Amino acid sequence: GLLKVEGTHKAIGFAVDCNSRFCYLDPKTGAAAAVAEAARNLVCSGAKPLAATDGLNLGNPEKPEIYWQFSQTIDGISEACRVLDTPIVGGNVSFYNESKGQAIYPTPVIGMLGLVTDADKVCTQSFKQAGDVVVLLGINKGELGGSEYLQTVHGLATGCPPELDLSLEKRVQNVCLQAIGKGLIRSAHDCSEGGLAVTLAECCILGQLGAKITIEQSAPPAELLYGESHSRIVLSMAPENLAELQQLADQLDVPLEVIGQVQDGPLEISGSSLERTVTPFINLPVQELESTWRGAIACHMDR
């Protein structure tokens, strides 16, 4: 969310994040990832992250494994906040969250505040114009541990959650923030739950435009489409701005890949192998994507 500061050109940004499955599988990395995602969400709107608060929700700390989760969670938050320069300025802790002796997943919710210095340059998630280039900042590693895909399709909360390189995270965020400040990009959306495919679908739904995407196919389709690797942002921009963005990414040592373009039409996602053969993965009208997306709550309520 963004709030304009009356009488100024500034705005204040707020974000709240936590992936409890990641924290269940690896409390330290999961907690650090919550900090990183909150900061990434702010950056995608053009806000510079400044400070954070936390709400740590766990089971009975008298049980050694729960106290260990608590300790690891604090370590993860502390490390991420130091690297991203977002000090914790307050928070709370809620223990004994159990039902019939079964603890909830450790859920360290991170709330973060950021500042937009020029509210006229606020960036949004939606694709804006057919013909714009679609770019991925970061690396599409295809990490499925703890993912929405495993939970939704296979009913599993298992595996190693995605690795988090906080140095890369900070560089990716800096490229995005500088690109927004320079007016180079028209949209920015971070990759998180659901992976790259869901991120692209949301950009299409919110902009009422499709996209033609090709992903380098060095992993199985499920990993490419639904892996939830950290430190990734999908950008769209006018083609003439691509060279300057590439130069900025090179300066900050951030991987950048052109993955397609915005189009009037469906969301098409294909994979390209080393032999350059193209395998179609997804070809869906934006209207169908939107109907499913907006009907999710009603779908769950009917179960």
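In what follows, the structure referred to is the one given above.
All figures in this text were calculated on a predicted structure; none of them were measured in a lab.

Undergrad: I'm lost on the layout of surface pockets in this one. Help?
TA: One simple way to see leftover space: roll a probe sized like a water molecule over the atoms. Size it by volume and the largest pocket reaches roughly 870 Å³. Residue lining of the largest pocket: 24 residues in total, with Thr-152, Gly-194, Val-198, Thr-292 and Trp-293 positioned closest to the centre. Of all the secondary structure elements, the ones that give two or more residues to the lining of the largest pocket are α4 (148-154), α6 (195-207), β14 (278-284), α9 (286-294) and α10 (296-301). At five residues, α6 tops the list of elements feeding residues into the lining of the largest pocket. In the lining of the largest pocket, the residues fall into 14 nonpolar, five polar and five charged. Of the voids in this model, the second largest pocket is the one considered here, and its volume is about 250 Å³. Every residue lining the second largest pocket is counted, 14 residues in all, and those nearest its centre are Gly-1, Asn-41, Leu-42, Ser-45 and Gln-125. Breaking the lining of the second largest pocket down by element, the ones donating at least two residues are β2 (11-17), α2 (27-45) and β9 (187-190). The class makeup of the residues in the lining of the second largest pocket is seven nonpolar, six polar and one charged.

Undergrad: How do you make sense of the sheet that holds strand β3 (residues 48-57) when you look at a structure like this?
TA: Think of a sheet as strands paired side by side through backbone hydrogen bonds, with each pair either parallel or antiparallel. Pairing is mixed across the open sheet formed by five strands, whose spatial order is β1-β2-β7-β3-β4. Looking at the sheet topology across the chains shown, the edges are occupied by β1 (2-4) and β4 (88-94). The sheet shows a mean angle of 15° between the axes of neighbouring strands, taken without regard to direction. Pairing of β2 with strand β7 (residues 107-116), which is carried by seven bridges, proceeds in the antiparallel orientation. Bridge pairing in β7 links Ala-11 to Val-116. Across the sheet, α2 lies against β1, β2, β3 and β7, angled at about 25° from β7, the strand it touches most.

Undergrad: What is the right way to look at the packing of aromatic side chains in this model?
TA: Taken as a whole and judged by the stated rule, the model has four aromatic pairs. Judged by centre distance (6.0 Å) and plane angle (70°), the ring pair of Tyr-67 and Phe-70 falls under edge-to-face. With a gap of three residues between them, Tyr-67 and Phe-70 both fall in helix α3 (residues 64-84), about one helical turn apart. On the accessibility criterion, Phe-70 (14% relative accessible area) is buried.

Undergrad: What am I meant to see in the environment of Val-286 here?
TA: Within the secondary structure, Val-286 is located in helix α9. Each C-alpha atom of the pair Val-286 and Gly-207 lies 9.5 Å from the other, and the pair is 79 residues apart in sequence. Val-286 has contacts with Cys-204, Ile-205, Gln-208, Leu-209, Gly-210, Gly-265 and Pro-266, leaving out every residue within four places of it along the chain.

Undergrad: Please clarify how helix α5 (residues 166-181) should be interpreted in this entry.
TA: Counting along an α-helix, one turn takes 3.6 residues, and residues three or four places apart therefore face a common direction. When the terminal C-alpha atoms of α5 are compared, their 22 Å separation across 16 residues agrees well with the 22 Å that a helix rising 1.5 Å per residue should span. Among the residues making up α5, those that are buried are Leu-166, Leu-168, Glu-169, Val-172, Gln-173, Val-175, Cys-176, Leu-177, Ala-179 and Ile-180. For α5, the capping residue at the N-terminal end is Asp-165, with a side-chain oxygen 3.1 Å from the backbone nitrogen of Ser-167.

The rules behind these values
- Residues numbered from 1 in each chain as written.
- Predicted model: local features only at pLDDT ≥ 70, side-chain atom pairs only at ≥ 80, totals over all residues.
- Heavy atoms only, no water.
- 1 Å grid on protein atoms, 1.4 Å probe; cavity = no way out; pocket = protein on both sides within 12 Å on 5 of 7 lines; lining within 4 Å.
- Points joined across faces, edges and corners; volume = space filled by probe spheres on them.
- Helix = DSSP H or I, 4+ residues; strand = E, 2+ residues; numbered from the N terminus.
- Nonpolar A, V, L, I, M, F, W, Y, C, P; charged D, E, K, R; others polar.
- Pairing = 2+ DSSP bridges.
- Axes fitted to C-alpha atoms, helices over the stretch in contact; angles between N-to-C directions.
- Contact = heavy atoms within 4.5 Å.
- Phe/Tyr/Trp six-rings, centres within 6.5 Å; stacked < 30°, edge-to-face > 60°.
- Buried < 20%, exposed > 50% of the residue type's maximum accessible area, 1.4 Å probe, protein only.
- Expected span 1.5 Å × (residues − 1).
- Polar contact = N/O pair within 3.5 Å; in protein donor to acceptor, adjacent residues only side chain to side chain.

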